[in-house]
There are 2 protein chains.
Amino acid sequence: MINEQYKAMLGGKSVIRQLSEYATARGGEIGYDNVFDFTLGNPSVPCSGRFTDEMLALYKESDPIALHGYSQSPGIRTVREKVAQSLNRRFSTGYGTEHIFMTSGAAGALAHALRCVTKPGDKVITFAPYFPEYIHYVGCTGAKLSIVEADKKTFEINFKALEKELTADTAAILVNTPNNPSGTVYCEETIKKLAAILNEKQREFGHDIFIISDEPYREIVFDGKQTPYISNFYDNTLSCYSFSKSLSLPGERIGYVAANPRCTDSDLIVPICTQISRGIGHNCPASSIQLGIAEVLDETNDLSVYETNMNLLYDALTDIGFECRRPGGTFYMFPKALEEDATAFCLKAKEYDLILVPSDSFGCEGHFRIAYCTDTEKVKRSLDVFRRFASEVYGM
Amino acid sequence: MINEQYKAMLGGKSVIRQLSEYATARGGEIGYDNVFDFTLGNPSVPCSGRFTDEMLALYKESDPIALHGYSQSPGIRTVREKVAQSLNRRFSTGYGTEHIFMTSGAAGALAHALRCVTKPGDKVITFAPYFPEYIHYVGCTGAKLSIVEADKKTFEINFKALEKELTADTAAILVNTPNNPSGTVYCEETIKKLAAILNEKQREFGHDIFIISDEPYREIVFDGKQTPYISNFYDNTLSCYSFSKSLSLPGERIGYVAANPRCTDSDLIVPICTQISRGIGHNCPASSIQLGIAEVLDETNDLSVYETNMNLLYDALTDIGFECRRPGGTFYMFPKALEEDATAFCLKAKEYDLILVPSDSFGCEGHFRIAYCTDTEKVKRSLDVFRRFASEVYGM
């Protein structure tokens, strides 16, 4: 018999995917150039030429049996070693090969990290606004996701609300900075305050509380800044990374879990992830892709287009009169809608072929998400449409 | 806190992997050429040149954003369409695109198929000898794996034992033909008899019993024969496939679930697999590999070396006096050990640098597995070692 739990999930199709499908269909009618599709976080920058060159060299020159052979369960050893070294170079961390577990993207990393440090019934806390898939990522482990409401002014952590949520059954905090959908990059002060609170609560409760840090946007930071590396501020941190955004390889499903060498049972995290893999049918990202990214670990694509797009949109929207926190990174921004009901607002924008995602599915009312990983030329053309829409519908 | 369930699994390292690691270490001491490592099912035939050519063309000629972009959750649509068409051509099936769900290998396929048609507490039946990972694949879904003891004469299904196991809580039967470790290819008569019994039990119990058919060795069949395609004999069949063996791509983690169009809720299987993916962090096999295999679906590598190796080993071992059912396919054989205790037998063989896997972890006593996916030249050299071993230790 078909599993009823999963059957019941069928109705809950992702709002983002539905809007994206609408945009594609609408593009078929009026030409995709005329649809301002700001729905999906699909990188618009091609992967770096060096990655392609490495892959071509692997296919041309290496032994196909080695290239396509089974990797060890936690990932290819030399790849894990290079990942550890790259992190150590860039963030002054102390990872060894034994702390790195290769995964199929951030989703795979989160699936392992969550199962590793929680058990069914435990509480996992995240902060609104949050990536809607977290509900399923956590829900399917049997743990319960609790949402700390947003600080709608700064989109940093709402500590007052956090302290209310932090009960003794809390096993993990799921953190996402740079943040999808707000574009906020938590400052060092925020991270230090979070670490201090969690350290205190660990002592009070007498058990570990892990930070599971979801970091696919780690390298997309504006104004020449860097994202503070959370694991450097809190020992019990599992960093979950994906090369989807920094190297524009979302379809290749490649990422990792990096366990802080000072976390509890740090030598067991990777072996336990390996056991988790056996049960969820994971068995490593593609071997050729592992070998390919291992050669370009310190690189990113040219990500400057995202900053260009952000500045264009931010300047124009605030000029129109939108309230918006300026993003510190990612390729998202999260302005306040021009009426309370974000869905109603986005439906009206849709009439102008501005396809925006209402904020409700991100756990925060009255806002909308713009994914500006798209051509700058199209962003420029959208600005007049935003102006016309705000003026005609909202008299701005 | 570290999850205790997974922590408890840490002791249970795979016997096969342990022996394989021993063989590698021993190879370091005496030269790998001198170690007759028959442990791992890692294909020894390189992937076909056509696959490599397709991949080179994709990397050279296609738009990197399309090549590496997110695929739809059930897999890239054109790839699924081609998989359906290839199956229909080869097995006279009636698959549509909507029945195909792309997965990261057979492990990914089984993880989805099992969760799709069972719920925690349900019984899943498999037949000894079986692939030891089944214990974890099933166990981590919350279902219970029940083993039907082997028919040690033919290694076809032991129907008498099956009828005893087939209780009303049975949700699925996990079938593996061509079989790892015995090399048996179930004949049509066996499959028809299984289908008749299951159809009767479905009526009696008033609920579905699915066959989950694990088919990575489907194309490795000897004597010019074909594996009967199980789904053609029983409607409620989910076929789980991997390109690991037929195209020698085990590290690339690519396979699929194909839902019989006549199975219960056949239009829901793929959408439900998509929901399952969200919870286990799966999110598709690598996009470039999907696109690559889609061009070589009707092909296999030159697999004849496995038949050559099988014949050499089968003839020599039976000549020595080993009892062995002649394999119909795969790259395994499963002779009877020369003493009751298979582990003791394999430890003695190890002294001759013959690295064999004892049968106990396959749920069947007194046998051993030879994985002969290795150089024919090495297989030839091993025959004298087998002779010397059997003569010196067992006086044969």
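See the structure printed just above.
In this report, we go over the structure that sits alongside the text.

Rules behind the numbers
- Residues numbered from 1 in each chain as written.
- Chains lettered and ligands numbered in written order.
- Predicted model: local features only at pLDDT ≥ 70, side-chain atom pairs only at ≥ 80, totals over all residues.
- Heavy atoms only, no water.
- Buried < 20%, exposed > 50% of the residue type's maximum accessible area, 1.4 Å probe, protein only.
- Helix = DSSP H or I, 4+ residues; strand = E, 2+ residues; numbered from the N terminus.
- Pairing = 2+ DSSP bridges.
- Axes fitted to C-alpha atoms, helices over the stretch in contact; angles between N-to-C directions.
- Contact = heavy atoms within 4.5 Å.
- Buried area = accessible area lost by both parts, 1.4 Å probe.
- Salt bridge = Lys/Arg side-chain N within 4 Å of Asp/Glu carboxyl O.
- Polar contact = N/O pair within 3.5 Å; in protein donor to acceptor, adjacent residues only side chain to side chain.
- Nonpolar A, V, L, I, M, F, W, Y, C, P; charged D, E, K, R; others polar.
- Least-squares fit on C-alpha atoms with pLDDT ≥ 70 in both.

**Concerning the pairing of strand β3 (residues 123-127) of chain A**
Residue and element names in this part refer to chain A.
Here's step 1: Of all five residues making up β3, five are buried, and the element is well covered by its neighbours.
Here's step 2: Of the two faces of β3, the one carrying Lys-123, Ile-125 and Phe-127 and the one carrying Val-124 and Thr-126 are both buried.
Here's step 3: Where β3 and strand β4 (residues 144-148) come together, five bridges link them in parallel fashion. Note that in β4 the partner of Phe-127 across the bridge is Val-148.

**Comments concerning the sheet that holds strand β7 (residues 237-242) of chain A**
All names here are of chain A.
Here's step 1: Strand order across the open sheet formed by seven strands is β2-β8-β7-β6-β5-β3-β4, with mixed pairing between neighbours. Both edges of this open sheet fall to β2 (100-103) and β4, since each of them pairs with a single strand only. In this sheet, neighbouring strand axes are inclined to one another by 20° on average, regardless of whether the strands run parallel or antiparallel.
Here's step 2: Lying over the sheet, helix α6 (residues 105-117) contacts β2, β3, β5 (170-175), β6 (210-214), β7 and β8 (255-259), oriented at roughly 160° with respect to β7.
Here's step 3: Taken strand by strand, helix α10 (residues 266-280) contacts β2, β7 and β8, and its axis lies near 25° from that of β2.

**Quick word on the interface of chain B and chain A**
Here's step 1: Contact with chain B, which involves 76 residues of that partner, is made by 77 residues of chain A.
Here's step 2: In this assembly, chain B packs against chain A so that about 6,200 Å² is buried in total across both faces, 58% of it on carbon and sulfur atoms.
Here's step 3: Inspection of the region where chain B meets chain A yields four salt bridges.
Here's step 4: A salt bridge links Asp-265 of chain A to Lys-7 of chain B; the shortest N-O distance between them is 3.3 Å.
Here's step 5: Here chain B is connected to chain A by 29 residue pairs in polar contact (both at pLDDT 80 or more).
Here's step 6: Looking at which element gives the most residues to the side of chain B that touches chain A, the answer is helix α10 (residues 266-280) of chain B, with nine residues.
Here's step 7: Grouping the constituent residues of the side of chain B that touches chain A by class yields 36 nonpolar, 28 polar and twelve charged.

**Examining the relation of the copies chain B and chain A**
Here's step 1: Least-squares fitting of chain B to chain A yields an RMSD of 0.0 Å, with the superposition described by an axial translation of 0.0 Å and a rotation of 180°. The superposition of one copy onto the other is thereby described by a two-fold rotation axis.
Here's step 2: When you check the interface residues of chain B against chain A, 100% turn up at the interface there too, and the contact is symmetric in its surfaces.

**So, the side chain of His-136 of chain B**
Here's step 1: Within the secondary structure, His-136 of chain B sits in helix α7 (residues 134-139).
Here's step 2: Within polar-contact distance, the side chain of His-136 of chain B engages the side chain of Arg-278 of chain A at 3.0 Å.
Here's step 3: With residues near it in sequence (within four places) discarded, His-136 of chain B still touches Arg-278 and Gly-279 of chain A together with Met-9 of chain B.

**Side note on the sheet that holds strand β11 (residues 357-358) of chain B**
Residues and elements named next belong to chain B.
Here's step 1: The strand order across the open sheet built from three strands is β9-β12-β11, with neighbouring strands paired in antiparallel fashion. Edge positions in the sheet fall to β9 (332-333) and β11, since each of these pairs with one other strand and no more.
Here's step 2: Where β9 and strand β12 (residues 368-371) come together, two bridges link them in antiparallel fashion. In the strand pairing of β12, Tyr-332 is matched with Ala-371.

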